[in-house]
Amino acid sequence: MNNTLSHTDTTLIICTLAAVAFPLFAALVNFCLPVKSKVAGWVSALAILLACILSAKVFAGVWNAPQLHVQQVWFTIGNTKVYAGILLNNLSVLMLLLVSLIALPVHVYSTAYMKYDERYSRYFTYLSFFCFSMLALVVVDNLVLFYGFWELVGFSSYLLIGFWFTRDKAVQANKKAFIMNRIGDIGLLSAILILFLVFHTFDIDRLFGRNSIVAQSVLLTGHWTSANENNWMVDGISYQLPAVWQYVAFAGILLAVAAKSAQFPLHTWLPDAMEGPTSVSSLIHAATMVAAGVFLLGRVYPMFTPTELTILAVMGCFTAFMAATIALTQNDLKRVLAYSTISQLGFMVLGMGVGAYSSSLFHLATHAFFKCLLFLVAGIVIHEMQHVKKDNHLDFDPQDILLMGGLRKKLPLTFIVAIVAGLALIGLPLTSGYLSKDGILIQAFEWSDGKNTWFKIIPVTALITSWLTAFYVARLIFKVFFGDFRLQNIYPNLKLHMRDGGWQYKVPVVLLAICCLFPLFSFNPFSYETSWLFKGMDIARIAKFESTYHLIIPVLVNLVSLVVLYLAYAIYVKQNSSAFSQTGFFYRLSYNQWYIDKIYKKVFVKPVLGLGKTLFWFDKNIIDGFVHLLANMAGCVARFSAWTDKYIVDGFLHLLAAMVQSIGNFARKFQGGKVQYYLFSMLVIVLALFLFKILI
Amino acid sequence: MITLTDFLIVSAALFCIGLYMIISKRNAIQILIGIELILNAAILNLVAFGKHDAVNNSGQIFALFAIVLAAATTAVALAIILNVYRKYKTIDPDKINNLKDQ
């Protein structure tokens, strides 16, 4: 845009490029290293550390400053010039910093966690590539590039989820993740194409930036028209499409968000993605993968009409509620966390839907820290359980929380950070989660105020969901860290030497735990509006301080949460009241994850497989049959012509030859040196002459 | 009464027998016999026609000459056959197809 970039701006751009390029470079280096090389981990960690430092510099330079946008002509098709460049505004620098900041502890943690893996350097290759894709995704200014990196994020997550590809479940899981993401990719691609058709540019800044042409476009009289009074529209022509395309574009974006951020119809890949290494789960769940969907929403926000925002809110709300109910009964440590991620992502989408744009992104940032931390904690626990399993030659599922318990004495540091992260996830005061989640809830209530009573369902459901969150987090922590070590009850002669692990484990979790507390985000632990992040993101709303919800909601949430916590404590630690019935309909519904996987299997997978089989049959019998028929016909023709050649053509030649031969033989006899023959032929000729004479 | 035709028929028969022998036999002596038969057919003709000649017995005389000549040729032929047999160890005319000196 600006030809005369100031010196600092140029530096910032170079820093951004370098921050994006370092992980890519690390991935390339690691790719060339031997598979077991231990250097790989430090290459990647160093690259992400540099990226993190540079991102911090960029963040400091751009946050709350005018946005920075540089671009160059990438390619030209006809009269359309497609630009490629970097767009740095509050949203992208926040994400840039967040991604590199979350990725750094995960990298350090991974160097220890993957230490004994056979394909150590491959793991870091993929991990660095993953970070590169995500970092690039957040800074590009162009929808085509955005789509490219969006695909790369999906692809590298595919590699990482299926990292232990010798396990059948991992292969199934990464296939599932990939297919689900493809569905979303199709949506995103069609949305991009429709946007291009209407606005003739891929430029994100132009489309959704300060002078957003998407926001200025009008849906009138059944047509979607790009605003023609924009003087910076090169040819001054306005383009229009039937209005239905606006909804199609929205549906595409919705699909893309649902797939990437695991929202309701397409969420089932995320729990299965737990088959990857735990450190990868932690990265996927925190910053690099699922955040992309919410980030996309943040980027294209001006596009949505009020109805569409309501749809978003409903989708997010339903996902949040459903995932929370599922998380209540799961026994797999990572699966509980996966559903809690889905639930929290639901909150973010809900936040976007109800206009809590900044709260939603705020929640994205806070959630990244505590969810990353929870997964790293889960990784430590699972790691130690695996050690127990290996040392004692037992066979049990190291992720089953029913076998854990009482680990707070054995893993004290892990216990403390898990408590911090858990409280942040519940959203109790003094944690970051309190600030961001209550922001969403309050704004959801404010949003539903001026509307029909039915709209109240959404914030109320969200409220219930946050209580459910409190319950499942409490259940998880009580089951894992309190009570007796149930595995020891089953196998009394267990040899145990559990530890929190080396500094590669301890430093990342402690750092992340500090980031889960309020001071990082706001100096006032009770008011989200004072958070610098919230202020920086606020694009449209003027926060209403006078609303009564600001008092009621946090109090309500936290009091009931405390009650719920005590309830969980009573059930799982004191075992005063009996646990819930494990046969009821709701239990089964929740335990079987709302039967969604089963329904998908029945409704989609089976028909698709059936269709595949039918097509295979069709291909084999009809298409191949036709080809074979043709082949047979050609064979017949060939055989016929071979026969003709052999018997007719060759036969004729042979006949000629035989005739010539017999004539030759016949004629030869006259010259055979046989006197009597000469005589005989003379006689015959004379007789013939006589006969000839007599007849004529 | 024996007419000229009867003689001619016998003569023709002799001729044909002789001709057949010459063509078909694999033995030079038999061929020679065939030649003699043909010669005898010709002599028979001379004698038969001599009856109707203006000059008396001229036919018989010619026949006598012919018989003498035939005897001579036969002798020569036999000598040739003998020589041939010495040289080729066969008297089958089909196998004697090499006249050059060895």
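Our structure is the block above this text.
Fair warning: this is a prediction, and the values are worked out from it, not measured in the lab. (Residues numbered from 1 in each chain as written. Chains lettered and ligands numbered in written order. Predicted model: local features only at pLDDT ≥ 70, side-chain atom pairs only at ≥ 80, totals over all residues. Heavy atoms only, no water.)

*Asks:* Can you explain the overall build of chain A? Please cite residues and give values.
*Replies:* Assigned secondary structure in chain A consists of 26 helices and five strands. Taken over C-alpha atoms, the radius of gyration comes to 37 Å for chain A, far larger than the 26 Å a tight globule of 696 residues would show. Projected onto the principal axes, the alpha-carbon positions of chain A cover approximately 150 × 80 × 55 Å. Taken over 696 residues, chain A has a buried fraction of 54%. Total accessible area on chain A stands at roughly 31,500 Å², and carbon and sulfur atoms take up 70% of it. (Helix = DSSP H or I, 4+ residues; strand = E, 2+ residues; numbered from the N terminus. Rg over C-alpha atoms; globule rule 2.2 N^0.38 Å. Buried < 20%, exposed > 50% of the residue type's maximum accessible area, 1.4 Å probe, protein only. Areas by Shrake-Rupley, 256 points an atom, 1.4 Å probe, with all protein chains shown as cover.)

*Asks:* Break down the packing of helix 3 (residues 90-113) of chain A against helix 11 (residues 278-288) of chain A for me, with residues and values.
*Replies:* Residues and elements named next belong to chain A. Where helix 3 meets helix 11, the axes come as close as 10 Å, and the angle between the chain directions of the two elements is 175°. The pairing of helix 3 with helix 11 is recorded here as roughly antiparallel in orientation. Touching L98, V99, I102, A103, V106, Y109, S110 and Y113 of helix 3 are T278, S279, S282, L283, A286, A287 and T288, all from helix 11. In terms of residue class, the contact of helix 3 with helix 11 is made up of 10 nonpolar, five polar and no charged. (Axes fitted to C-alpha atoms, helices over the stretch in contact; angles between N-to-C directions. Parallel < 35°, antiparallel > 145°, perpendicular 65-115°, else oblique. Contact = heavy atoms within 4.5 Å. Nonpolar A, V, L, I, M, F, W, Y, C, P; charged D, E, K, R; others polar.)

*Asks:* Explain the interface of chain A and chain B to me, using residue names and the numbers behind them.
*Replies:* The partner chain B presents 12 residues to the six residues of chain A that form the contact. Note on chain A versus chain B: buried area summed over both sides is about 690 Å², and carbon and sulfur give 62% of it. For the pair chain A and chain B, the number of links is zero salt bridges. At the boundary of chain A with chain B, the tally comes to three residue pairs in polar contact (both at pLDDT 80 or more). Here the side of chain A that touches chain B is composed, by residue class, of three nonpolar, two polar and one charged. (Buried area = accessible area lost by both parts, 1.4 Å probe. Salt bridge = Lys/Arg side-chain N within 4 Å of Asp/Glu carboxyl O. Polar contact = N/O pair within 3.5 Å; in protein donor to acceptor, adjacent residues only side chain to side chain.)

*Asks:* Give me the lowdown on the side chain of S340 of chain A, citing residues and values where you can.
*Replies:* Residues and elements named next belong to chain A. Along the polypeptide, S340 turns up in helix 14 (residues 333-353). For S340, a relative accessible area of 0% puts it in the buried group. Of note is the side chain of S340, whose polar atom sits 2.5 Å from the side chain of K371. In contact with S340, not counting residues within four places along its chain, are A327, K371, L425 and Y472.

*Asks:* Any details on the pairing of strand 1 (residues 68-77) of chain A? Residues and values, ideally.
*Replies:* Residues and elements named next belong to chain A. As judged from the nine bridges shared by strand 1 and strand 2 (residues 80-88), these two strands associate in the antiparallel manner. Opposite F75, over in strand 2, you have V82 as the bridge partner. Counting the residues that bridge the hairpin from strand 1 to strand 2 gives two residues, and of these G78 lies at a positive phi of roughly 60°. (Pairing = 2+ DSSP bridges.)

*Asks:* Go over the side chain of T319 of chain A, please, and point to the residues and values.
*Replies:* All names here are of chain A. Following the sequence through the fold, T319 ends up in helix 13 (residues 306-327). Overall, the relative accessible area of 0% leaves T319 in the buried class. Within the local environment of T319, its side chain forms a polar contact with the backbone nitrogen of F264, the two atoms lying 3.0 Å apart. Of note is the side chain of T319, whose polar atom sits 2.7 Å from the backbone oxygen of M315. Once residues lying within four places of it in the same chain are set aside, the contact partners of T319 are A262, Q263, F264, I342, S343 and G346.

*Asks:* Describe the pattern of salt bridges, with residues and values.
*Replies:* Residue and element names in this part refer to chain A. Considering all chains together, one arrives at six salt bridges over all chains under this definition. The salt bridge involving D272 is made with R335; its shortest N-O contact spans 3.4 Å. Remark: R335 occurs in helix 14 and D272 occurs in helix 10 (residues 269-272); sequence separation between them is 63 residues. Its relative accessible area of 16% is what places D272 among the buried residues. Looking at R335, the relative accessible area reads 18%, which means it is buried. Three or more residues are tied together by salt bridges with common partners; here these are K176, D272, R335 and D597.

*Asks:* If you had to explain helix 4 (residues 120-139) of chain A to someone new, which residues and values would you point to?
*Replies:* In a regular helix each residue adds 1.5 Å, so 20 residues correspond to 28 Å; helix 4 of chain A covers 29 Å between its end C-alpha atoms and thus fits that length. Of all 20 residues that make up helix 4 of chain A, 20 are buried, and the element is covered over most of its length. (Expected span 1.5 Å × (residues − 1).)

*Asks:* How would you explain a positive patch on the surface if you had to name every residue and give the values?
*Replies:* Residues K38, K115, R499 and K506 of chain A make up a contiguous surface patch of positive charge. With respect to the helices, strands and loops of the structure, K115 of chain A is situated in the loop between helix 3 and helix 4. (Patch = residues over 30% accessible without salt bridge, like charges linked within 9 Å, V, L, I, M, F, W, Y side chains within 5 Å. Lys, Arg positive; Asp, Glu negative; His and termini not counted. Charge placed at Lys NZ, Arg CZ, Asp CG, Glu CD.)

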